[in-house]
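Descriptive analysis of the structure
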Amino acid sequence: GADVGEPGGDDGLSLSIGARIGEFEITRRIGDGGFSIVYLAMDHSLERTVALKEYMPSSLASRVGVTVQARSQRHRDTFDAGLKSFVNEAKLLASFDHPALVKVHRFWEANGTAYMAMPFYQGVTVKDTVRAMADRPDEAWLRKLLAPLTEALLVIHAERCYHRDIAPDNVILLAGTGK
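Everything numeric in this text was worked out from a predicted model, so none of it was measured.

The rules behind these values
- Residues numbered from 1 in each chain as written.
- Predicted model: local features only at pLDDT ≥ 70, side-chain atom pairs only at ≥ 80, totals over all residues.
- Heavy atoms only, no water.
- Salt bridge = Lys/Arg side-chain N within 4 Å of Asp/Glu carboxyl O.
- Buried < 20%, exposed > 50% of the residue type's maximum accessible area, 1.4 Å probe, protein only.
- Helix = DSSP H or I, 4+ residues; strand = E, 2+ residues; numbered from the N terminus.
- pLDDT = per-residue confidence, 0-100.
- Contact = heavy atoms within 4.5 Å.
- Core = buried A, V, L, I, M, F, W, Y, C linked by side-chain atoms within 4.5 Å.
- Expected span 1.5 Å × (residues − 1).
- Pairing = 2+ DSSP bridges.

**Some thoughts on the pattern of salt bridges**
- Under the defined criterion, the tally for this structure stands at nine salt bridges.
- The shortest N-O distance in the salt bridge between Arg48 and Asp43 comes to 3.7 Å.
- With relative accessibility at 31%, the residue Arg48 sits in the partly exposed group.
- Note that Glu139 and Arg143 form a salt bridge whose closest N and O atoms lie 2.9 Å from each other. Pair noted here: Glu139 and Arg143 are both in helix α3 (residues 139-158), with a separation of four residues, about one helical turn. Exposure class is identical for Glu139 and Arg143. Each is exposed.

This is the structure in structure tokens:
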């Protein structure tokens, strides 16, 4: 079940700090895109910190407590299609096992929406890493970065799946390892 500390985050779209979604307690919001919000959460069942991704298309949906719903009937079909895509993404990610791909610990639908619990990866995006460099990265650095990415793409392409958003701000270099 789900219980909430407050009826929504400061923006009215995100879950509040302290909100509970099953065994997960929201500790902070760490990112968002057009169709989802990612939170840092405590998994009280397994006593670990995770990234919890929630389907929340900000232009199509609103929140009442923990429940997510289409803003209006005219948004319903688009909201439902996006939810179906989110579900498919979770199932697809869960089917792969490659060190350069995000893992999915758990996936479920509840509260009018869907969630993915994943490892919380600490690091810096390639975009921010390059921006902080004094000089442009050299070819050796780029090759070291691209090798695991292209291997991961081979894995997903073999399953006739294609990543449509490979970008420097979607690739994280793990803290301490550079992987």
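This is not the end of the story, as more comes after the structure.
**As for the confidence of the model for the protein**
- Across the protein, the average pLDDT comes to 89, with 94% of residues at or above 70.
- Note on residues 1-7: pLDDT is under 50 here. Beyond four places in sequence and across chains, it has 16 contacts.

**Describing the nonpolar core**
- Membership of the largest hydrophobic core comes to 32 residues, with the highest contact counts inside it found for Leu15, Phe24, Ile26, Leu52, Trp108 and Met116.
- Among the elements of the structure, β3 (24-32), β4 (36-43), β5 (48-55), β7 (67-70), α1 (73-95) and β9 (113-119) are those that each provide at least two residues to this core.
- Ranked by residues supplied to this core, first place goes to α1 with six residues.
- Those residues in contact with Ile26, other than ones at most four positions away along the chain, are Leu15, Ser16, Ile17, Gly18, Ala19, Tyr39, Leu40, Ala41 and Leu52.
- If you look at the next biggest cluster of nonpolar residues, it comprises five residues, including Phe96, Leu101, Ala152 and Ile156.

**Some points on α1**
- The end-to-end C-alpha distance of α1, which contains 23 residues, comes to 34 Å, matching closely the 33 Å that a straight helix rising 1.5 Å per residue would cover.
- Listed as buried for α1 are His75, Phe79, Gly82, Leu83, Phe86, Val87, Ala90 and Leu93.
- Among the structural elements, β4, β5, β6 (61-64), β7, β8 (106-110) and β9 are those in contact with the buried residues of α1.

**Thoughts on the pairing of β5**
- β5 sits mainly inside the fold: six of its eight residues count as buried.
- Here β4 runs beside β5; their pairing, made up of eight bridges, is antiparallel. Each residue of the ladder has a partner; that of Asp43, found in β5, is Arg48.
- Between the end of β4 and the start of β5, which pair antiparallel, lie four residues, with Glu47 showing a positive phi angle near 50°.
- The pairing of β5 with β9 spans five bridges and is classified as antiparallel.

**With respect to unusual backbone geometry**
- Backbone geometry places Glu47, a non-glycine residue, at a positive phi of 50°.
- The residue Glu47 is located in the loop between β4 and β5 in this model.
- Positive phi, close to 60°, is recorded for Arg160, a residue that is not glycine.
- Its place among the elements puts Arg160 in the loop between α3 and β11 (172-174).

**Considerations on the pairing of β6**
- Here β6 shows one buried face, formed by Ala61 and Arg63, and one open face, formed by Ser62 and Val64.
- Pairing of β6 with β7 involves four bridges; the strand directions are antiparallel. Along β7, the bridge assignment pairs Val64 with Thr67.
- In this antiparallel pair of consecutive strands, β6 and β7, the connection spans two residues, and Gly65 shows a positive phi of 65°.

**Some points on the environment of Thr49**
- Position of Thr49 among the secondary structure elements: in strand β5.
- C-alpha separation for the pair Thr49 and Arg136, spaced 87 residues apart in sequence, amounts to 35 Å.
- Ignoring any residue separated from it by four or fewer positions in sequence, one finds Thr49 in contact with Leu40, Ala41, Met42 and Phe120.

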